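Observations on chain architecture
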Amino acid sequence: MDLVNRVRRSPAALLGTGPSRLLVSASLAGSIGLGMYGSGSLLFFTRVQHLSIAQVGSGLSIAAVVALLVGIPAGRAADVVGARRMVVGAGLLQAVLLCAALTTGSSYPLYLVVMCLLGAAKQAEQVARGAVVATVCTADERVEVQARMRSVFNIGVTVGILLAGAATAWDTRAAYAGLMVANAVTAVCAAGIIMRLPATAGRPRGAASGDRWEALRDYPYLAVAVLCGFVAIADAALTVGLPLWVVDYTSAPRPVGVWLLAVNTVLISLFQVWASRGAKTAEGARRLLRRSCAATAAACFVFVFAAWVPAVPAVLALVVAVGVLTLGELWGSAAAWFLRYSLAKEGAQGEYGGVFGLATGIPAMLGPGMVTFMMTEWRGWSWVAVGVLGLLAAAVSPSVLRRAETAKAVRERVPVDVAAVPAAAG
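This brings us to the overall build of the chain. When helices and strands are tallied, the chain shows 16 helices and zero strands. What you see for the chain is a C-alpha radius of gyration of 22 Å, in line with the 22 Å of a compact globule of 426 residues. Going through the 426 residues of the chain one by one, you find that 50% of them count as buried. In the chain, the proportion of contacts linking residues at least 24 apart, taken out of those at least 6 apart, comes to 84%. Element-wise, carbon and sulfur atoms account for 69% of the exposed surface of the chain, whose accessible area totals about 18500 Å².

This is how it looks when you write it as structure tokens:
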């Protein structure tokens with residue numbers, strides 16, 4: 001009944017009020033452009049700019065590596081100059097670079113430069129946006145605002161994909177170029193919305209340089225970020241592994257894999273805010289992280305079962321597995337948001353956010369290739385391996401979180417009730 005009421009309410013209920021409304025609206029605007037760009041950029045660069053698929057793919061891979069490396073210095077810069085200013089600047093830079101992409105022609109070096117700069121700008125905007133959330137929202141609001149942003153992000157990407165489909169149907173230079181320009185326009189719109197937020201003061205340069213790169217030396221925090229990165233591996237298993245598994249190893253109809261990906265997107269849009277309610281406290285976040293790892297493990301074992309049964313039971317098993325995996329993704333995202341903010345140093349949310357993004361981004365970048373290799377070489381054992389990894393993550397999470405919370409308490413010189421934190425498993 002709660003879901004029905006949420007669906008019946010106006011979109012304003014999802015957008016929220018005050019600063020959260022502006023943050024969510026900016027996320028929606030940017031995601032529409034991202035959906036158009038992600039779906040149509042490959043065709044633009046190959047059919048209009050006449051680059052090879054290998055050139056486009058390698059450029060995107062190199063840009064992804066550059067983006068990961070930029071995250072930490074970008075977060076530190078956001079702490080110094082002000083997170084809102086960084087978000088706006090990075091958004092406007094993206095708009096310029098998207099328009100510049102129209103002029104690269106078939107030159108691979110020019111394409112590579114533009115892609116690397118664009119990836120760096122996107123990463124800087126993402127890291128700085130997290131710092132903006134930490135600044136303009138209270139500690140109790142941050143997780144819910146992130147959940148709302150993710151819900152509308154999925155909606156916006158879906159709308160962008162549909163618009164890109166129209167451009168693909170026309171299959172003209174003007175249509176593909178229009179996708180790039182439209183993405184630039186949405187980037188400017190998102191930056192304009194962020195400009196309406198209260199200004200975020202930067203940290204004095206002297207204070208920032210006194211404890212240079214402290215987030216990188218916060219090893220307990222890094223361990224938590226790596227643990228949260230398991231969610232990214234699970235996402236790769238779903239988006240890359242599921243279609244391959246359905247087609248090559250199960251009796252289910254081939255389209256089922258793609259359809260279930262759409263179901264995953266819809267479920268995230270509908271239930272992310274609901275799932276985030278359990279992560280409003282440290283104990284709640286710890287519980288959701290354990291549940292996330294366990295749910296992912298359970299889903300992996302159900303995927304294995306789907307390969308051993310006829311078509312109808314296989315479809316049912318796949319539906320159950322995707323539902324459980326999505327629930328784990330919802331819980332894991334909510335827990336990660338709380339831990340990312342609560343364990344970071346308040347005066348260095350940008351830098352800590354950059355470190356968190358690096359630790360969680362590496363699994364996201366390596367995940368698709370790793371899953372593809374495992375599906376090809378290990379077959380069903382690949383799901384077993386990911387499932388066992390999930391069980392191990394669930395087992396060690398209490399110990400990892402306990403150390404991180406103790407380290408933060410020591411850093412801030414506040415008492416910590418170690419007895420209140422669950423003991424390490426085993």
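Bringing the packing of helix 7 (residues 142–170) against helix 14 (residues 311–342) into the picture now. Contact geometry for helix 7 and helix 14: axes closest at 9 Å, N-to-C directions at 135°. As far as their axial angle goes, helix 14 and helix 7 are oblique. Helix 7 and helix 14 meet at a crossing whose hand is right-handed. Within the contact between the two elements, helix 7 uses Arg 142, Val 143, Gln 146, Ala 147 and Arg 150 and helix 14 uses Glu 329, Leu 330, Ser 333, Ala 334, Trp 337, Phe 338 and Tyr 341. Broken down by class, the residue content of the contact of helix 7 with helix 14 amounts to seven nonpolar, two polar and three charged.

Pairs can form between side chains of opposite charge whenever their charged atoms are close. For the structure shown, the criterion picks out nine salt bridges. One salt bridge connects Glu 125 with Arg 129, and the closest N-O pair in it is separated by 2.7 Å. In this pair, Glu 125 and Arg 129 are both assigned in helix 6 (residues 108–136), four residues apart and thus about one turn of the helix distant. Its salt-bridge partner being Arg 286, residue Glu 405 comes within 2.6 Å of it at the nearest N-O pair. Pair noted here: Glu 405 is in helix 16 (residues 380–412) and Arg 286 is in helix 13 (residues 282–306), with a separation of 119 residues, a long-range link. Arg 286 matches Glu 405 in its accessibility class, with the two residues each being buried. Members of the salt-bridge network, linked through shared partners, are Glu 283, Arg 286, Arg 287 and Glu 405.

Residues apart from glycine generally show negative phi values, whereas peptide bonds are mostly found in trans. Positive phi outside glycine occurs at Asp 171, with the angle close to 55°. Along the chain, Asp 171 turns up in the loop between helix 7 and helix 8 (173–195). Asp 171 gets classed as partly exposed once you look at its relative accessible area, which sits at 34%.

With that settled, consider the state of the cysteines. The full count for this structure, using the stated rule, is zero disulfides. The thiol of Cys 189 is unpaired, and the distance to the nearest cysteine sulfur, on Cys 99, comes to 13 Å. The exposure class assigned to Cys 189 is partly exposed, which follows from its relative accessible area of 41%.

With that out of the way, let us pick up the packing of aromatic side chains. Overall, the coordinates contain nine aromatic pairs when judged by the stated rule. The interplanar angle of 35° and the centroid separation of 6.1 Å between the aromatic rings of Tyr 108 and Tyr 111 together place this pair among those described as tilted. Separated by three residues within a single helix, Tyr 108 and Tyr 111 lie in helix 6, roughly one turn from each other. On the basis of relative accessibility, which here comes to 1%, the residue Tyr 111 falls in the buried class. Ring geometry for Phe 271 and Trp 274: centres 6.0 Å apart, planes at 75°, overall edge-to-face. Remark: Trp 274 and Phe 271 occur in helix 12 (residues 256–276); sequence separation between them is three residues, near one turn of the helix. Note on Phe 271: relative accessible area 23%, which makes it partly exposed. Given the relative accessible area of 38%, Trp 274 is considered partly exposed. Ring pairing ties together the aromatic residues Phe 44, Phe 45, Tyr 108 and Tyr 111, which thus form one cluster. Just above the ring of Tyr 37 sits the side chain of Lys 122; from NZ or CZ to the centre is 5.5 Å. The cationic tip of Arg 291 hangs over the ring face of Trp 331; the distance from NZ or CZ to the ring centre is 5.7 Å.

Reading the values: the criteria
- Residues numbered from 1 in each chain as written.
- Predicted model: local features only at pLDDT ≥ 70, side-chain atom pairs only at ≥ 80, totals over all residues.
- Heavy atoms only, no water.
- Helix = DSSP H or I, 4+ residues; strand = E, 2+ residues; numbered from the N terminus.
- Rg over C-alpha atoms; globule rule 2.2 N^0.38 Å.
- Buried < 20%, exposed > 50% of the residue type's maximum accessible area, 1.4 Å probe, protein only.
- Contact = heavy atoms within 4.5 Å.
- Areas by Shrake-Rupley, 256 points an atom, 1.4 Å probe, with all protein chains shown as cover.
- Axes fitted to C-alpha atoms, helices over the stretch in contact; angles between N-to-C directions.
- Parallel < 35°, antiparallel > 145°, perpendicular 65-115°, else oblique.
- Left-handed = near helix turned anticlockwise from the far one by under 90°.
- Nonpolar A, V, L, I, M, F, W, Y, C, P; charged D, E, K, R; others polar.
- Salt bridge = Lys/Arg side-chain N within 4 Å of Asp/Glu carboxyl O.
- Disulfide = S-S within 2.5 Å.
- Phe/Tyr/Trp six-rings, centres within 6.5 Å; stacked < 30°, edge-to-face > 60°.
- Lys NZ or Arg CZ within 6 Å of the ring centre and 35° of its normal.

Interpretation note: all reported values are geometric properties and have no functional meaning in isolation.
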